[in-house]
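Here's the letter readout for the chains.
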Amino acid sequence: MQITPINNLFNNLTPIKSCDNKFNSVQKRPLQAVETAGTVGIAPAEILGRSMVNFCGIKNKPEYKLTESDNNFAECVGKIYRLNDDEVKSVKNVIGNFLNKNNFKKISDMQSDDIFEFANESAYLTEKLSNMLKLSDFEDTTLTFLITAQINEGDISELCTRDGKTIVEDNKYTKDFTPIEGILNRADIDDFDTISGIHRHLAEIASKKDYDSIFEMFTPKNAGVGRSALDKFSGELGKDKVIDIFLDFVELAPKSDEERIEGLNIKKERERIEDGVQVCAIAYNISKKFGIEVDERLLELLDSRKTDTELHKDGKSDIEVAYRISDEYNLPENSTDEILKIIEKNNEWAKKRRFDDFFDAIS
């Protein structure tokens, strides 16, 4: 993670999806999946809600009968994420248990002029569904948008974009983004706008052809369509690179959605956010203990430590980081042990405690 001043932590993270779905009427209150959030396409309030809720899990309760609007919502989720009947039923059960537990009759009961009022609850529902469906960062962002729209409008199945597409049609190729991102990353293409633009272009062509997946245009019978679609980017990327990308598409075309993302870190942005929060929380406790400023260098040193995330699996040991901090800031002799204790305690703390310390750090 590239360290930035902590008061800009959320604003400078790479956006996963800009919600360019402009509906005619989704304006009752600001979206929690805001277009300007800059963090995995999710507003800071949404992230905080997800981390502050109690992750003890929803206990099994008698099956809850969903309203027609929420049943429609679950069916839309099923179509967008290409779920089978059993998976859709599981989505409905999670929603029903959530509503029952929180004494809501329907998802739109969380509608409020205060975007923070039900932040924890909506975040918890998103987290439960996302974890159950094993969604990638991009897919998780879309789910956040869908739930927010359902809260605001009551029934997303009735929403249409200004160009006449339904919400399902507009998000039909959500599942294809992550494997496409993986293909482009392997071709040394990491710029989000470029990746998003290629995905959007291919999705438009796939939609006109009524393909179930973008990858359908790279099957043997449709390979000409796929090659022609990618040729648009030959000038920008180079012909040789486009050929390599085309061959990677062809290789993944016959595979399942699950097989197309094998080996990819589909939660790297979420990991980056959580690692960043930990860094700020630890820095805050070190600054309290030794009376030093939380500056760029302290954050950089803490960010170099090894964590259980893919992004930092090759980092430095906690003891080495503690020693470097002690040495760089000319702290007392026993400070290395004290810093190590702070780091180790943070590793054991629940997410809510880390976020409490994070907010203390930036306030």
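### Focus on the overall build of the chain
Working step 1: When helices and strands are tallied, the chain shows 17 helices and zero strands.
Working step 2: Expressed as a percentage of its 363 residues, the buried residues of the chain come to 53%.
Working step 3: Contacts in the chain between residues at least 24 apart in sequence constitute 70% of all its contacts with a sequence separation of at least 6.
Working step 4: Counting every atom, the chain has about 17,500 Å² of accessible surface; 45% of that belongs to carbon and sulfur.

### Comments concerning unusual backbone geometry
Working step 1: Here the phi dihedral of Arg82 falls at roughly 55°; this positive angle occurs in a residue that is not glycine.
Working step 2: Within the secondary structure, Arg82 sits in the loop between helix H2 (68-80) and helix H3 (85-101).
Working step 3: Exposure remark for Arg82: the relative accessible area of 25% places this residue in the partly exposed category.
Working step 4: Positioned with a positive phi, Asp210 is a non-glycine residue whose angle comes to about 60°.

### Digging into the packing of helix H15 (residues 318-328) against helix H16 (residues 335-348)
Working step 1: Contact geometry of H15 with H16 gives a least axis separation of 8 Å together with a crossing angle of 130°. Regarding the angle of H15 to H16, the classification is oblique. In terms of crossing hand, the pair formed by H15 and H16 is right-handed. Counting all contacts with H15, which are made through Asp318, Ile319, Val321, Ala322, Tyr323, Ile325 and Ser326, the residues of H16 involved are Ser335, Thr336, Ile339, Leu340, Ile343, Glu344 and Asn347.
Working step 2: Among the residues forming the contact of H15 with H16, the class breakdown is eight nonpolar, four polar and two charged.

The rules behind these values
Residues numbered from 1 in each chain as written. Predicted model: local features only at pLDDT ≥ 70, side-chain atom pairs only at ≥ 80, totals over all residues. Heavy atoms only, no water. Helix = DSSP H or I, 4+ residues; strand = E, 2+ residues; numbered from the N terminus. Buried < 20%, exposed > 50% of the residue type's maximum accessible area, 1.4 Å probe, protein only. Contact = heavy atoms within 4.5 Å. Areas by Shrake-Rupley, 256 points an atom, 1.4 Å probe, with all protein chains shown as cover. Axes fitted to C-alpha atoms, helices over the stretch in contact; angles between N-to-C directions. Parallel < 35°, antiparallel > 145°, perpendicular 65-115°, else oblique. Left-handed = near helix turned anticlockwise from the far one by under 90°. Nonpolar A, V, L, I, M, F, W, Y, C, P; charged D, E, K, R; others polar.

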